[in-house]
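What follows is the residue order along each chain.
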Amino acid sequence: MGLCFLTHQIDALNILHELRAHATTSNADGEDQCSGALAAGKVAVRPGDFMKQPRRLKTIAERARESCLTRLHEILTQLISIEEDFIKEVTYEKSLLKRKDNVELKNICLRMSVAEGNSRSNRDLRELRDCLRLIVGNLLTHVRDENNLSSTVSAHRLRELSNSFPDI
C-alpha cells in the first residue's frame, strides 16, 4: 500500500488546518485585511492595509464548534501518525483502509472549507466525526488481525483515539 493511500487523509488534515487557522485569525482583534473591494465609507491607503472593523464576540455555540473542530483536527493528526508508524513496521499487500473512506473524509473537509460565512454546522462536524470514527474502527480491525508487536502498540493507540471523540 505505501503512503499513497494516506494522501486523502493528509489533504483533509491540511484543509482542517487552514479552517482552524482562518477561524482563529479572522476577526480575532477586529481587523480584516483589505482585499480590494472596500465596504461603504472605508478608505484604504494601499492594498493590503488593515482597517478596523467592529469586533464581534463569538457565541458559546461558535466556540463549542471551534473546540470540536480543533479536537477532530488533533484526532486526524494522531490517526495519520499511527498509520504511518504502522506502515513503517509492517509489510503487507492489501490496503489498511478503504479508499472510499479517505475520499469521503477529504470531501467532508472540502465542503466545510467552502461553507459560507466561516460557519460550520453541527451536521458537518458530526459527519466529520463519524467518518473519522469509521476510519479508526476499520484500521483497528485490520491492526488486530496482524498480531505482532507493532500492531499491539498501534491497537492500543487506536483504542485510546477511539475513546477521545467529542460529543456533538
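Residues numbered from 1 in each chain as written. Predicted model: local features only at pLDDT ≥ 70, side-chain atom pairs only at ≥ 80, totals over all residues. Heavy atoms only, no water.

(A) Geometry of the overall build of the chain. For the chain, the count of helices and strands is five helices and two strands. Shown N-terminal to C-terminal, the secondary structure of the chain runs as helices and strands in the order α-β-β-α-α-α-α. Scored against the burial criterion, the 168 residues of the chain give a buried share of 34%. Pairs at least 24 apart in sequence give 73% of the contacts found in the chain among residues at least 6 apart. About 10,000 Å² of surface is accessible on the chain, with carbon and sulfur atoms providing 52% of the total. (Helix = DSSP H or I, 4+ residues; strand = E, 2+ residues; numbered from the N terminus. Buried < 20%, exposed > 50% of the residue type's maximum accessible area, 1.4 Å probe, protein only. Contact = heavy atoms within 4.5 Å. Areas by Shrake-Rupley, 256 points an atom, 1.4 Å probe, with all protein chains shown as cover.)

(B) Fine view of helix 5 (residues 149–162). Along its 14 residues, helix 5 runs 20 Å from first to last C-alpha, staying within 8% of the 20 Å computed at 1.5 Å per residue. Of the residues making up helix 5, those classed as buried are Ser-150, Ser-151, Ser-154, Ala-155, Leu-158 and Leu-161. One side of helix 5 holds all its buried residues, which, seen down the axis, span an arc of 125°. Where helix 5 is buried, its residues contact helix 2 (60–89) and helix 4 (122–146). (Expected span 1.5 Å × (residues − 1). Arc of directions from axis to C-beta.)

(C) Layout of the environment of Glu-127. Mapping Glu-127 onto the fold places it in helix 4. A relative accessible area of 23% means that Glu-127 is categorised as partly exposed. The contacts of Glu-127, once residues within four sequence positions are left out, are Ile-108 and Arg-111. At 2.2 Å, the side chain of Glu-127 and the side chain of Arg-111 are in polar contact. (Polar contact = N/O pair within 3.5 Å; in protein donor to acceptor, adjacent residues only side chain to side chain.)

(D) Here's a closer look at the confidence of the model for the chain. When pLDDT is averaged across the chain, the result is 75; 69% of the residues are at 70 or more. At the low end of the mean pLDDT range in the chain sits strand 1 (residues 31–33), at 42; at the high end sits helix 4, at 88. Under a pLDDT of 50 for its full length, residues 29–44 has, in the predicted model, 28 contacts with residues more than four places off or in other chains. (pLDDT = per-residue confidence, 0-100.)

(E) Inspection of helix 4 at higher detail. Over its 25 residues, helix 4 extends 36 Å from the first C-alpha to the last, a length consistent with the 36 Å expected when each residue adds 1.5 Å. Restricting attention to buried positions, one finds in helix 4 the residues Asp-124, Leu-125, Leu-128, Arg-129, Cys-131, Leu-132, Ile-135, Val-136, Leu-139, Leu-140, His-142 and Val-143. Positive backbone phi, approximately 55°, marks Asn-147, located one or two places after helix 4.

(F) Broad picture of the packing of helix 3 (residues 99–113) against helix 4. At a minimum axis separation of 10 Å, helix 3 and helix 4 run at an interaxial angle of 160°. Considered as vectors, helix 3 and helix 4 are oriented roughly antiparallel to each other. Viewed along their axes, helix 3 and helix 4 form a crossing whose handedness is left-handed. Within the contact between the two elements, helix 3 uses Asp-101, Asn-102, Glu-104, Leu-105, Ile-108, Cys-109, Arg-111 and Met-112 and helix 4 uses Asp-124, Leu-125, Glu-127, Leu-128, Cys-131, Leu-132, Leu-134, Ile-135 and Asn-138. Its residues assigned to classes, the contact of helix 3 with helix 4 shows 10 nonpolar, two polar and five charged. (Axes fitted to C-alpha atoms, helices over the stretch in contact; angles between N-to-C directions. Parallel < 35°, antiparallel > 145°, perpendicular 65-115°, else oblique. Left-handed = near helix turned anticlockwise from the far one by under 90°. Nonpolar A, V, L, I, M, F, W, Y, C, P; charged D, E, K, R; others polar.)

(G) Seen up close, the nonpolar core. Judged by nonpolar contacts, the single largest core of 31 residues is most densely connected at Leu-72, Leu-76, Leu-79, Leu-105, Leu-128, Leu-132 and Leu-158. Every element with two or more residues in this core is listed here: helix 1 (7–25), helix 2, helix 3, helix 4 and helix 5. Residue contacts for Leu-72: discarding those within four places in its chain leaves Leu-125, Leu-128, Arg-129, Leu-132, Phe-165 and Pro-166. (Core = buried A, V, L, I, M, F, W, Y, C linked by side-chain atoms within 4.5 Å.)

(H) Up close: the environment of Leu-128. Tracing the backbone shows Leu-128 in helix 4. What makes Leu-128 buried here is its relative accessible area of 0%. Once the C-alpha coordinates of Leu-128 and Cys-109 are considered, the two residues, 19 residues apart in sequence, prove to be 7.5 Å apart. Among residues more than four places away in sequence, those in contact with Leu-128 are Leu-16, Leu-69, Leu-72, Leu-105, Ile-108, Cys-109 and Met-112.

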